[in-house]
Amino acid sequence: MTTQSTTARTAVRPPDAEAFAALYAQVQQFYAHQMQLLDLGECERWAATFTEDATFEVPTLPEPVTGRPALAAATGRTAAQLAASGTRHRHFIGMFDVAERPDGTVRVRSYAIVYASPIGGESQLHRVCVCDDVLVRVAGELQVAARLVARDDLA
Amino acid sequence: MTTQSTTARTAVRPPDAEAFAALYAQVQQFYAHQMQLLDLGECERWAATFTEDATFEVPTLPEPVTGRPALAAATGRTAAQLAASGTRHRHFIGMFDVAERPDGTVRVRSYAIVYASPIGGESQLHRVCVCDDVLVRVAGELQVAARLVARDDLA
Amino acid sequence: MTTQSTTARTAVRPPDAEAFAALYAQVQQFYAHQMQLLDLGECERWAATFTEDATFEVPTLPEPVTGRPALAAATGRTAAQLAASGTRHRHFIGMFDVAERPDGTVRVRSYAIVYASPIGGESQLHRVCVCDDVLVRVAGELQVAARLVARDDLA
């Protein structure tokens, strides 16, 4: 490191660092809880982490899923298939790139890795996904208003 | 998004957001440090992140391990086996669902992915685990009082 | 838990817990954004997250890369190779062990998992790495001054 670049450095922390930390922790807790609900097959409680009119787009569905009943039904089908095949899924989400917009929405781009474990078999990497979300606050709590999931293995 | 649901949204952040962020960061730092100690084979320092009388339950041991000397011994055996076989393990933990209880304990449910890398070979996914912990504060520092680990590939 | 150890416990949180949380969130956001830029092939913007005179050492390069132009060029070559082979990489970094030093630098030891997805094929675990960084603040923003990457599969 040269003297010049060292001189340019300051110990100044952005003035809104504490507010950002509060948001970032809330976002992380929200996603951890939401994905754990999904993996537990708690479909109704999982769907309740979305807004009433949320949209959910994934490449493997022909059209977006809209609203909590449809979200709960879609994940309920997946949960039933997994149970029938004796397989567990874990959605490990992280790498949160978080930005609060002037309109109060929170944009989060993250990576979600899905692991599949056949019970009595070997755990495997299942999917690598990028998740683009619009979060909103409803009575202080975060909810997903729009989710767009992309899979790395698909064009 | 309909007008109705938008109206219900507020920019209100929970009043305890900063306190939760402080706890959440401390929890994340604690786990990162603890798991790195484990992977470095620093068994005594790793064991010191548990309470004196901590209990540790994993499905591959016939009974819970209790107390720091037993914890250090158990991980020391694993470290020796890995060294003998020329393999590195990394425990990547995250997805922290954190709740502070009225009694001052902190409950954390998380996912831990274990990677195994034979030196000179190919890194592999080894285990997918769910970790249920009771953390306590001792002189301001977090320690694990009870840990229960479940493996996705086992019934 | 015995009565004795319970008595020793307090609900005291370290006085600098909020400041640490602010730093920890900033560090996490920094890494998430930086690695997403890398995976997007945004080589110039990625290089700009390093100091002007940053050093970058990885086991697969014969000597350290120094400075933003060299960093951008090196990742540009990798991005071109990936595009040519129809493969996506994702760098999932986490497990941040963060310590601020008296000189104002921030030391971060983390784990980075690299996933590779041939488009139309199956996503695979590619690399398991440990990342040792020296971060500095430049006008309040974090930048990498020095990075040392180790791969678990290499001696």
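Residues numbered from 1 in each chain as written. Chains lettered and ligands numbered in written order. Predicted model: local features only at pLDDT ≥ 70, side-chain atom pairs only at ≥ 80, totals over all residues. Heavy atoms only, no water.

Undergrad: Looking at this model, I keep getting lost on the nonpolar core. Mind explaining?
TA: Generally speaking, soluble globular proteins have nonpolar side chains that are buried together. By size, the foremost hydrophobic cluster in this structure holds 117 residues, and its most contacted members are A:V27, A:Y115, B:V27, B:Y115, C:V27 and C:Y115. Among residues more than four places away in sequence, those in contact with B:Y115 are A:Y115, B:R88, B:H89, B:R90, B:F92, B:Q124, B:L125, B:H126, C:I113, C:Y115, C:L125 and C:V128. (Core = buried A, V, L, I, M, F, W, Y, C linked by side-chain atoms within 4.5 Å. Buried < 20%, exposed > 50% of the residue type's maximum accessible area, 1.4 Å probe, protein only. Contact = heavy atoms within 4.5 Å.)

Undergrad: Is there a simple way to explain the relation of the copies chain B and chain A in this structure?
TA: In the superposition of chain B on chain A (RMSD 0.0 Å, axial shift 0.0 Å), the rotation amounts to 120 degrees. Here the transformation between the copies is reduced to the relation of a three-fold axis. Nearest to the rotation axis, the C-alpha of B:A21 is located 3.6 Å from it, this being the minimum over chain B. When the interface residues of chain B are mapped onto chain A, a mere 19% of them are again interface residues, pointing to distinct binding faces. (Least-squares fit on C-alpha atoms with pLDDT ≥ 70 in both.)

Undergrad: For this particular structure, what's the right way to read the packing of aromatic side chains?
TA: In this description, a pair of aromatic rings is defined by centroid distance and the angle of the planes. Per the stated rule, a full pass over the model turns up 21 aromatic pairs over all chains. Plain terms: the ring middles of B:F30 and B:Y31 are 5.5 Å apart, the flat faces sit at 80 degrees to each other, and that makes the pair edge-to-face. Here B:F30 and B:Y31 have matching classes, each one buried. These aromatic residues form a ring-pair network of at least three members: A:F30, A:Y31 and A:F96. (Phe/Tyr/Trp six-rings, centres within 6.5 Å; stacked < 30°, edge-to-face > 60°.)

Undergrad: I'm lost on the interface of chain B and chain A in this one. Help?
TA: Contacts between the two partners involve 36 residues from chain B and, on the opposite side, 38 residues from chain A. Approximately 3,000 Å² of surface area, both sides summed, lies buried where chain B meets chain A, with 54% of it carried by carbon and sulfur atoms. Here chain B is connected to chain A by one salt bridge. Measuring nitrogen to oxygen at the nearest pair gives 2.8 Å for the salt bridge that ties A:R90 to B:D152. Taken together, the links from chain B to chain A amount to 12 residue pairs in polar contact (both at pLDDT 80 or more). In terms of residues, the side of chain B that touches chain A owes the most to one element, strand β3 (residues 87–100) of chain B, which gives seven residues. Its residues assigned to classes, the side of chain B that touches chain A shows 22 nonpolar, six polar and eight charged. (Buried area = accessible area lost by both parts, 1.4 Å probe. Salt bridge = Lys/Arg side-chain N within 4 Å of Asp/Glu carboxyl O. Polar contact = N/O pair within 3.5 Å; in protein donor to acceptor, adjacent residues only side chain to side chain. Helix = DSSP H or I, 4+ residues; strand = E, 2+ residues; numbered from the N terminus. Nonpolar A, V, L, I, M, F, W, Y, C, P; charged D, E, K, R; others polar.)

Undergrad: Can you walk me through the pairing of strand β1 (residues 50–57) of chain A in this structure?
TA: Looking down a regular strand, the side chains alternate between one sheet face and the other. Residues and elements named next belong to chain A. Pairing of β1 with strand β6 (residues 141–151), which is carried by four bridges, proceeds in the parallel orientation. Residue pairing across strands places F50 opposite V144, the latter belonging to β6. Here β1 pairs with strand β2 (residues 65–66) via two bridges, running antiparallel. Paired with T55 across the two strands is T66, which belongs to β2. (Pairing = 2+ DSSP bridges.)

Undergrad: Is there a simple way to think about the environment of B:G67 in this case?
TA: Residue and element names in this part refer to chain B. With respect to the secondary-structure elements, G67 resides in the loop between β2 (65–66) and α4 (68–85). For G67 and L38, which are 29 residues apart along the polypeptide, the C-alpha to C-alpha distance reads 16 Å. Excluding its chain neighbours within four sequence positions, the residues that come into contact with G67 are E52, D53 and A54.

Undergrad: Help me understand the sheet that holds strand β4 (residues 106–118) of chain C in this model?
TA: The pairing of strands in a sheet happens through backbone hydrogen bonds and is either parallel or antiparallel. All names here are of chain C. One open sheet holds the six strands; their spatial order is β2-β1-β6-β5-β4-β3, and the pairing between them is mixed. The sheet is open, and its two borders are formed by β2 (65–66) and β3 (87–100), each paired with just one other strand. Relative to strand β6 (residues 141–151), strand β5 (residues 124–138) runs antiparallel, the two sharing 10 bridges. For C129, the partnering residue across the bridge sits in β6 and is R151.

Undergrad: Is there a simple way to think about the sheet that holds strand β5 (residues 124–138) of chain A in this case?
TA: All names here are of chain A. The mixed open sheet is built from six strands, whose spatial order is β2-β1-β6-β5-β4-β3. Sheet topology places β2 and β3 (87–100) at the edges, where each strand pairs with a single neighbour. Across the face of the sheet, helix α2 (residues 17–39) comes into contact with β1, β3, β4 (106–118), β5 and β6 while running at roughly 160 degrees to β3. Across the sheet, helix α4 (residues 68–85) touches β1, β2, β3 and β6, and the angle it forms with β1 is around 60 degrees. (Axes fitted to C-alpha atoms, helices over the stretch in contact; angles between N-to-C directions.)

Undergrad: Looking at this structure, how should I read the interface of chain A and chain C?
TA: Frequently, the measure chosen for interface size is the accessible area that the parts lose on association. Tallying the contact residues gives 36 residues for chain A and 38 residues for chain C. Summing both partners gives a buried area of about 3,000 Å² for chain A against chain C, and 54% of it is carried by carbon and sulfur. Taken together, the links from chain A to chain C amount to one salt bridge. In this assembly, chain A and chain C are joined by 11 residue pairs in polar contact (both at pLDDT 80 or more). For the side of chain A that touches chain C, the secondary-structure elements that each account for two or more residues are α2, β3, β4 and β5 of chain A. Broken down by class, the residue content of the side of chain A that touches chain C amounts to 22 nonpolar, six polar and eight charged.

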